[in-house]
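Notes for the structure review
This is what each chain is made of:
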Amino acid sequence: MDMNKEVVIEHSRIKKETDMMLYVTVNGKQHQIQVNATDRLVDILREKVYLTGTKVGCGIGRCGACSVFLDGELVNACLLLAYQVNGKSILTIEGLSEEGPSDIQASFLREGGFQCGYCTSGMIMAAKSLLDAVPNPTEEEIKVGLSGNICRCTGYGGIIRAVQCVAQNSCK
């Protein structure tokens, strides 16, 4: 039994050694958060910053539900650890809509680009990344640009229409 106590004490000591103060800007607001260096960014956003628009889907970077911008680049928040984002700037889905729905968000609503909504925030962030890089993409470019995001509900027709609507400035 004494050995178990030593293991618990050792485990507790290791946890404290990996704690860190995270300095990060989220949606333009600076945050200073006590975290474990190996906490995932998606968990920090949801549990410490209380922004729950970024979803946890697969947890291994394949579905895109956790897509956010890190220093202007689209990333999967489930794959990034606290120590990797220290001092960085993050834009979440909530940051797109502080002044009301963005054009992309409104287009997703108008064109039926969502059903259950679970993938929607990641899809919108991927659409923003695509439109920032290619302002008037072809349908094929849209499909490639969104290929890191999975939707199990919509069949993608409404999502593609939503992106085309914004790109062509033809939203009704």
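Up top is the structure these notes are about.
Below you will find a few notes about this structure. All values derive from a computational prediction rather than experimental measurement. (Residues numbered from 1 in each chain as written. Predicted model: local features only at pLDDT ≥ 70, side-chain atom pairs only at ≥ 80, totals over all residues. Heavy atoms only, no water.)

This next bit is on the overall build of the chain. A tally of helices and strands in the chain yields 8 helices and 5 strands. Starting at the N terminus, the α and β elements of the chain follow one another as α-β-β-α-β-β-α-β-α-α-α-α-α. Dimensions of the chain along its principal axes, counting C-alpha atoms only, are 70 × 30 × 25 Å. Residues counted as buried form 40% of the 172 residues belonging to the chain. Contacts in the chain between residues far apart in sequence, at least 24 positions, make up 54% of those at least 6 positions apart. Accessible surface, the chain: about 9700 Å² in total, of which carbon and sulfur atoms supply 51%. (Helix = DSSP H or I, 4+ residues; strand = E, 2+ residues; numbered from the N terminus. Buried < 20%, exposed > 50% of the residue type's maximum accessible area, 1.4 Å probe, protein only. Contact = heavy atoms within 4.5 Å. Areas by Shrake-Rupley, 256 points an atom, 1.4 Å probe, with all protein chains shown as cover.)

A few words now on the side chain of S67. Relative to the assigned elements, S67 resides in strand β3 (residues 67–70). Setting aside residues up to four positions removed in sequence, S67 forms contacts with L74, V75, N76, G122, M125 and N149.

Core analysis: the biggest nonpolar cluster contains 23 residues, and L22, V26, V35, L41, I44, V68 and I90 have the highest contact counts within it. Contributions of two or more residues to this core are made by β1 (19–26), β2 (29–36), α2 (41–47), β3 and α3 (82–85). In this structure L22 touches H31, Q32, I33, V35, I44, A82, V85 and N86, once residues within four positions along its chain are discounted. Core analysis: the next-biggest nonpolar cluster, separate from the first, contains 22 residues, F69, I104, L146 and V163 among them. (Core = buried A, V, L, I, M, F, W, Y, C linked by side-chain atoms within 4.5 Å.)

All right, on to the environment of M123 then. Within the secondary structure, M123 sits in helix α6 (residues 120–133). Judged by its relative accessible area of 0%, M123 is buried. For the pair M123 and G145, spaced 22 residues apart in the sequence, the C-alpha separation amounts to 9.9 Å. Discounting chain neighbours no more than four positions away, the residues touching M123 are F108, L146, N149, I150, C151, Y156 and I159.

Here we come to the sheet that holds strand β5 (residues 89–91). Hydrogen bonds between backbone groups are what pair the strands of a sheet, and the pairing can be parallel or antiparallel. Judged by pairing direction, the sheet is mixed, and its 5 strands sit side by side in the order β2-β1-β5-β3-β4 without closing on themselves. The strands lining the two open edges of the sheet, one partner per strand, are β2 and β4 (73–76). Pairs of neighbouring strands in the sheet enclose a mean axial angle of 40°, with direction left out of account. Bridge count between β1 and β2: 8 bridges; the pairing is antiparallel. Paired with L22 across the two strands is I33, which belongs to β2. Lying on the sheet, α6 is in contact with β3, β4 and β5; it crosses β3 at an angle near 45°. (Pairing = 2+ DSSP bridges. Axes fitted to C-alpha atoms, helices over the stretch in contact; angles between N-to-C directions.)

Coordinates in, geometry out; function isn't part of it.
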